[in-house]
Amino acid sequence: MTSYYSVNYYSLETATMTPRTSTQPFLPLGNLPFHILLALGNGPAHGYAIGKDVETRSGGALDPTTGALYQALRRLTDDGLVELMRSAPEPETDARRKYFRLTALGRRVAAAEAERLAELVAAARERNLYPAST
Amino acid sequence: MSAGLVIRVLLRLYPERFRAEYGAAMAETYALRAAEARARGRWMVWFLAREGTSLATGALRERWGAWRAVRQTKGQRRRQAMTFVNALVELRHAARRLVRAPGFTLAVVLTLGLTIGATTAIYALVDAIIVRPLPYPESERLVLVDHGAAGLDQESGLGMSEGLYLQYRRNARTIESIGIHTTGSRNLTGEGTAERVRVTYVTPSIGQVLQVKPLLGRWFVETEGDAQWGPVVVLSEGFWRQRYGGDPTVLGRTITLSGTSHEVVGVMPASFAFPGPATSIWAPLGIDPATARVGGFNYGGIARLRDGVTAEQMRREVDGLIASVPAAFPDQIALAREIVNSARLFAAIQDYKESLIGGLRRTMWVLLGTMSVVLLIACANVANLFLVRAEGRRLEVAVRRALGASRARIAGNYLFDAVLLALLGGILGALLSAVGIQLLLGQLVAEPGTSFSISQMLPRLHELKFGGGVLGFAITCALITGVLFGSVPLLSPPDIAETVRDSGRRTTAGRGRFHARNVLVIMQIAMAFVLLVAGGLMIRSFVRLNRIDPGFDAENVLTFQVALSGERYSDANAESVVAFHGTMVERLEALPGVSSASGTTCIPLGGWCYGDPLIVEGRPRAEGTIPPVVNFRRVLPGYFETMRIPLRAGRGIEAHDQESRTGAVVISEELARLYFPGEDPIGRRIYFAAQGGRGDAPVEIVDPTAPGIPWFTVVGIIPNLALDQLNEDRRSASLYLPALHQNEEGPGMHFLTYVVRTSVPPTTLVPAVRSLLQELDPDVPLASARSMEDIVAASALRMSFTLVLLVIAAVAALLLGTIGIYGVISYLVSRRTSEIGIRLALGARPGQVTGMVVRHGARLAGIGVIAGIAGALLTTQLLQTLLYGVEPEDVATYSAVALLLGGIALLACWVPARRAAGMSPLNALRNE
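Residues numbered from 1 in each chain as written. Chains lettered and ligands numbered in written order. Predicted model: local features only at pLDDT ≥ 70, side-chain atom pairs only at ≥ 80, totals over all residues. Heavy atoms only, no water.

Here we look at the confidence of the model for chain A
Residue and element names in this part refer to chain A. Stated precisely, the cut-off is as follows: On a scale of 0 to 100, pLDDT captures the predictor's confidence in every residue. Helix and strand labels come from DSSP, where a helix needs a run of H or I of at least four residues and a strand needs a run of E of at least two; each type is numbered from the N terminus. Throughout, a residue-residue contact means that at least one pair of heavy atoms, one from each residue, lies within 4.5 Å.
For chain A, the average pLDDT comes to 78, and 78% of its residues sit at 70 or higher. Of all helices and strands in chain A, the one with the weakest mean pLDDT is helix H1 (residues 7–17) (40), whereas helix H2 (residues 31–39) scores best (90). The model gives residues 1–18 a pLDDT under 50, and that stretch makes seven contacts with residues more than four places away or in other chains.

Describing the sheet that holds strand S2 (residues 82–84) of chain A
All names here are of chain A. The condition that has to hold: By the convention used here, strands pair only if DSSP detects at least 2 bridges between them.
Here we have three strands laid out as an open sheet, ordered S1-S3-S2, and antiparallel in their pairing. The outermost strands of the open sheet, each flanked by one partner alone, are strand S1 (45–46) and S2. Here three bridges tie S2 to strand S3 (residues 99–102), and the two strands are oriented antiparallel to one another. Note that in S3 the partner of Leu84 across the bridge is Phe100.

Re the pattern of salt bridges
Opposite charge on two side chains makes pairing possible when the charged atoms of those side chains draw close. Basically, it comes down to this: Salt bridges are counted wherever a side-chain nitrogen of Lys or Arg sits within 4 Å of a carboxyl oxygen of Asp or Glu.
As enumerated under the stated definition, the model contains 38 salt bridges over all chains in all. Residues Arg651(B) and Glu654(B) are paired through a salt bridge, measuring 3.9 Å at the closest nitrogen-oxygen approach. A network of salt bridges, in which partner residues are shared, links Asp63(A), Arg33(B), Arg50(B) and Glu51(B).

Looking at the nonpolar core
Residue and element names in this part refer to chain B. Note the cut-off: By convention a nonpolar core is built from buried Ala, Val, Leu, Ile, Met, Phe, Trp, Tyr and Cys residues, the set being connected through side-chain atoms within 4.5 Å. Whether a residue is buried, partly exposed or exposed follows from its accessible area with a 1.4 Å probe, protein chains only, as a fraction of its type maximum: under 20%, in between, or over 50%, in that order.
Counting residues in each nonpolar core, the largest one holds 102 residues, and the members touching the most others are Leu464, Phe552 and Ile821. Per element, the largest residue contribution to this core is 15 residues, and it comes from helix H26 (residues 797–831). In contact with Ile821, other than residues within four places in its own chain, are Val521, Ile525, Gly857, Ala861, Ala905, Ala908 and Cys909. Within the second largest apolar cluster, 52 residues are counted, among which are Val145, Leu152, Val264 and Leu305.

Structural notes on the packing of helix H28 (residues 846–875) of chain B against helix H29 (residues 891–917) of chain B
Residue and element names in this part refer to chain B. What counts here: Axis geometry follows a simple rule: fit a line to the C-alpha atoms, using only the stretch in contact for helices, then measure angles between N-to-C directions, giving values from 0 to 180 degrees. Roughly parallel means an angle under 35 degrees; roughly antiparallel means over 145; roughly perpendicular covers 65 to 115; every other angle is labelled oblique. The sense of a crossing depends on the near helix, which, turned anticlockwise from the far helix by less than a right angle, makes the crossing left-handed and, turned clockwise, makes it right-handed. Under the scheme applied here, ten amino acids are nonpolar (Ala, Val, Leu, Ile, Met, Phe, Trp, Tyr, Cys and Pro), four are charged (Asp, Glu, Lys and Arg), and all others, including Gly, are polar.
Following both chains from N to C, one finds H28 and H29 inclined at 155°, their axes separated by 8 Å at the closest point. By the criterion of interaxial angle, the relationship of H28 to H29 is roughly antiparallel. The crossing of H28 and H29 is right-handed. Two secondary-structure elements touch here, H28 through Pro846, Val849, Thr850, Val853, Val854, Gly857, Ala858, Ala861, Val865, Ile869, Ala872 and Leu873 and H29 through Tyr894, Ala898, Leu901, Ala905, Leu906, Cys909, Trp910, Ala913, Arg914, Ala916 and Ala917. Taken together, the residues of the contact of H28 with H29 sort by class into 20 nonpolar, two polar and one charged.

Notes on the interface of chain B and chain A
To keep things clear, this is the line we draw: Accessible area that two parts lose when put together, evaluated with a 1.4 Å probe and summed over both, is termed the buried area. What qualifies as a polar contact is a pair of N or O atoms within 3.5 Å, subject to a donor-acceptor requirement within protein and to the restriction that residues adjacent in sequence count only when both atoms come from side chains.
Contact with chain B, which involves 22 residues of that partner, is made by 23 residues of chain A. For the pair chain B and chain A, the summed buried area comes to about 2000 Å², and 47% of that belongs to carbon and sulfur atoms. Counting across the chain B and chain A interface gives four salt bridges. Between Arg50(B) and Asp63(A) there is a salt bridge, and its shortest N-O distance comes to 3.8 Å. The tally of links from chain B across to chain A stands at 13 residue pairs in polar contact (both at pLDDT 80 or more). Put simply, the parts of the chain that give the side of chain B that touches chain A at least two residues each are helix H2 (16–39) and helix H3 (44–69) of chain B. The biggest single contributor to the side of chain B that touches chain A is H2(B), with 12 residues. Here the side of chain B that touches chain A is built from residues that sort into nine nonpolar, three polar and 10 charged.

Focus on the pairing of strand S21 (residues 734–738) of chain B
Residue and element names in this part refer to chain B. With five of five residues buried, S21 lies mostly within the body of the structure. In terms of strand pairing, strand S14 (residues 629–635) meets S21 through five bridges, oriented parallel. The partner of Asn631 across the bridge, within S21, is Ser734. Note that strand S16 (residues 664–668) and S21 share two bridges and pair antiparallel. Bridge pairing links Ile667 to Leu735 in S21.

Overview of the packing of helix H27 (residues 833–841) of chain B against H28(B)
All names here are of chain B. Closest axis-to-axis distance for the H27/H28 pair is 10 Å, and the angle between their directions is 145°. Crossing hand, H27 versus H28: right-handed. Counted together, Glu835, Ile836, Arg839 and Leu840 of H27 and Pro846, Val849 and Met852 of H28 form the full contact between these two elements. Across the contact of H27 with H28, the residue classes break down as five nonpolar, no polar and two charged.

Overview of unusual backbone geometry
Excluding glycine, residues mostly carry a negative phi; peptide bonds, for their part, are mostly trans. Along the chain, Leu27(A) connects to Pro28(A) via a cis peptide bond; the corresponding omega equals -10°. Along the chain, Pro28(A) falls in the loop between H1 and H2. In this model, Phe274(B) is joined to Pro275(B) through a cis peptide bond whose omega is -5°. Residue placement: Pro275(B) occurs in the loop between strand S7 (260–268) and strand S8 (281–284). You will see that Gln211(B), though not glycine, has its phi angle at about 55°, which is positive.

Focus: the packing of aromatic side chains
All names here are of chain B. As a reminder of what qualifies: Two aromatic rings from Phe, Tyr or Trp, using only the six-membered ring of Trp, form a pair when their centres are within 6.5 Å; if the ring planes differ by under 30 degrees the pair is stacked, by over 60 it is edge-to-face, and anything between is tilted.
In total, this model carries 25 aromatic pairs over all chains according to the counting rule given. The interplanar angle of 50° and the centroid separation of 5.1 Å between the aromatic rings of Phe386 and Phe485 together place this pair among those described as tilted. One end of the pair, Phe386, is in helix H13 (residues 360–392); the other, Phe485, is in helix H17 (residues 468–487), with 99 residues separating them in the sequence. As far as the burial class goes, Phe386 and Phe485 line up, both buried. Judged by centre distance (5.4 Å) and plane angle (75°), the rings of Phe640 and Tyr736 are edge-to-face. With Phe640 in helix H21 (residues 639–643) and Tyr736 in strand S21, this residue pair connects regions lying 96 residues apart in the sequence. For Phe640, a relative accessible area of 3% corresponds to the buried category. On the basis of relative accessible area, Tyr736 is assigned to the buried category, the value being 1%.

Describing the confidence of the model for chain B
Residues and elements named next belong to chain B. The predicted model of chain B has a mean per-residue pLDDT of 83, with 91% of residues at 70 or higher. Below pLDDT 50 for its whole length, residues 448–452 participates in eight contacts with residues either more than four positions away or in separate chains. Interface confidence for the predicted complex, expressed as ipTM, amounts to 0.75; the pTM equals 0.69.

Below is the structure:
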């Protein structure tokens, strides 16, 4: 389904036209929100897929219930890190299925959080608390 | 509770905006997660608890967040927090108030409980029978395949024949699968006591039509339909539990049905009640394409339409296929042509569910409507009680208002009481309806397999159960009624100043509340009037129905069925069969308390049984027409005498007719009218228009001019007897044949219903009859022993069911209406005590006071009755199809009801009026 003002275009514009928000207030990210941002890293996904991804990635340690998942998603959306797509991406035929995706800000916040964690890992290595990468 | 319900309910807790945005997506995620948990074999209880808790807490957090997000003044926020605290406090106050007024509470809870219970029970019936789809996958695609015949003046109900089944199965493109079936009773012997069971013979294709998985083992395979009555059977779950104690090793066991062994290959679940819950065993119906008959409409048909095809499209295609039947069956061309050209057969395709519930739809909705009206009347009564209570609390309320309680708070106060009471009533109602449902289902178990059981009157009754939907209905009912009667006092909130000023000096009640009360009473009387008219019309119909002459004397007649099977009574040995019955009759007549005994292949009110057109000697058949179909019964000598069926002319069938095979037959008046208009039928000779069809013998059309026809001679005429129901529009033509004739055309004597005229209560003879039968042949079970009066009553079962419920509803309405008007008038009197005292002190005569009070009541009753007449004229039209011999506008019923209701209403006013007039003026004034 094509539309004259495609959602993609609109969000690109929003991302470029609004002044860059600092990622600072969002850090450190909670465990579940960070996992959600990670899950969305490869592109839009619907709620169930996000939950599934979180569960697999965390090796089952995190298995967010529907309630917890959507509360986190709602917060991330309100904060502008994630947005609800108005229409599902192309191969999806089920119109009821709602897709979420990262916003530009969300992408930067995820990167900032990853950086923060990487710094912590580096610090741990320095103090011989964590084996060096091979 | 189903998983989907959890999320739907819990999502309601979320704030509106959150739900609008994420609700659908959450429901989808939840469903996927539930499916995954199930697939992984996780404990669903654990899953539900975890998800449920998180959803509930999530909802609370979201709500809290939404509150905080909205910009609020401090005061606003505080007030909102207070609302919640207030609600809890109010609830506690309400509970305390109700406990302090136990009489009031009990009256309200009982009234609501009883009426909500009755309404809920009827709703459960409506839901199970009318609303819910049949328990088969995509059941909306199932259709009943039936036929009518223009040449026989029959619109439907002819059924299916083997030939047509093959024709449709091979050629119809509009259907996915089709099957035919026929049900009969068979003797189950060996392993335990001999028992008569209902066996449905089905083509294996019924499995594809209905698509139900067996509980155990398998359904029939196609090849089992090729053999003649294949030696395998499938049991129903109910029968399997009852006879085999639910033993899974029943598969592979051999059972003996009517003398032949069958292997049990499967058990079907209880939901597979096909064609009805009475069937215990299914056996494959063998149809050999080489010998399949075009005629012989002895089967029921059911088909599954292809996706997207309508019943109408199928009807059109099948009508075309009927036209090509002669070409498809060249060896039976004469009969095929007759069916197509003379009988002018056509297809009658009907939605299968519709065919099951048929006329019940109207009845059930009428009953649900009636119960809802009773509920409304009860609601009005409770509202009245509330008004009285509100009156008593006026001062308290005024003080609270003066001290700053908001109007909303006071209103909430009333509503809390109302909703709390209504919920208590709803819980009681739900309990009562659950008990009622169990009782009704108990009826179903109490008489399994009998042909006149309650399951025939209420098809699908076995699907009835008390579930979440029914509980939900009761609670919804309670909440709606609660809000309805709880808000009545709010219509006229008391004026603070006036109330405080008036306190302690009661003269007359405020006008506003009087209006509310009066309107309630008028409504009650009007609704009671409508229900009483409905009940009255039903009673009149019932009386009319019972006045119909069935044509025989049903009093003190015992009937029971005997079926002979096995080699001793093989088809070739008709004499031994008749000899058995002869001995049986002799022994029966020797029993003490028996004055005479006889038997027939088909008793009156026992259904159609067997029928065909006839030919008359010396009357060639007109081309392109078919003589009327008449039904046949064989009778033993003395049948008409035993049943006390009067002879209109000639004589009955006597013993020598049977012994020397005279071919003497008796006909009904309707047969005489159809075949011998304006002639004397006695001495005329008749025969079947077609013969053969037994076993593999082909059906041949008999030419009336051919020599060597084994004619029957008409020797007597009897009145028309009812076939199915007493109130049949037109009683069918019947032919009564002797048990033996030159050849064996016509119904067989293996299956016979005995009729025994007794001088003692009929059913007391059952043990004696059973031991008699045991002596003659231990392998022959006694079946369906019941009195003829029972059978007559059962034929009117549906009407009596409707009648009983409508009359109960009408009486309840009358009672509630009377209580309502009595309550209002006594309240009026008590409010006007001082006024009446002054009047009496000033010299009013007691009669004048009584008159004044009664006049007020009479005015209300009068308006109510007039409104009731209008309402009844509008609504009793719905009863039309349920009535017999009385019009919905029957003047006598209306007048009687108006008199009854008016009289009772006046009486209800007169009692408090007398009390008022009897007061001493001194006491009345001192009362203040």
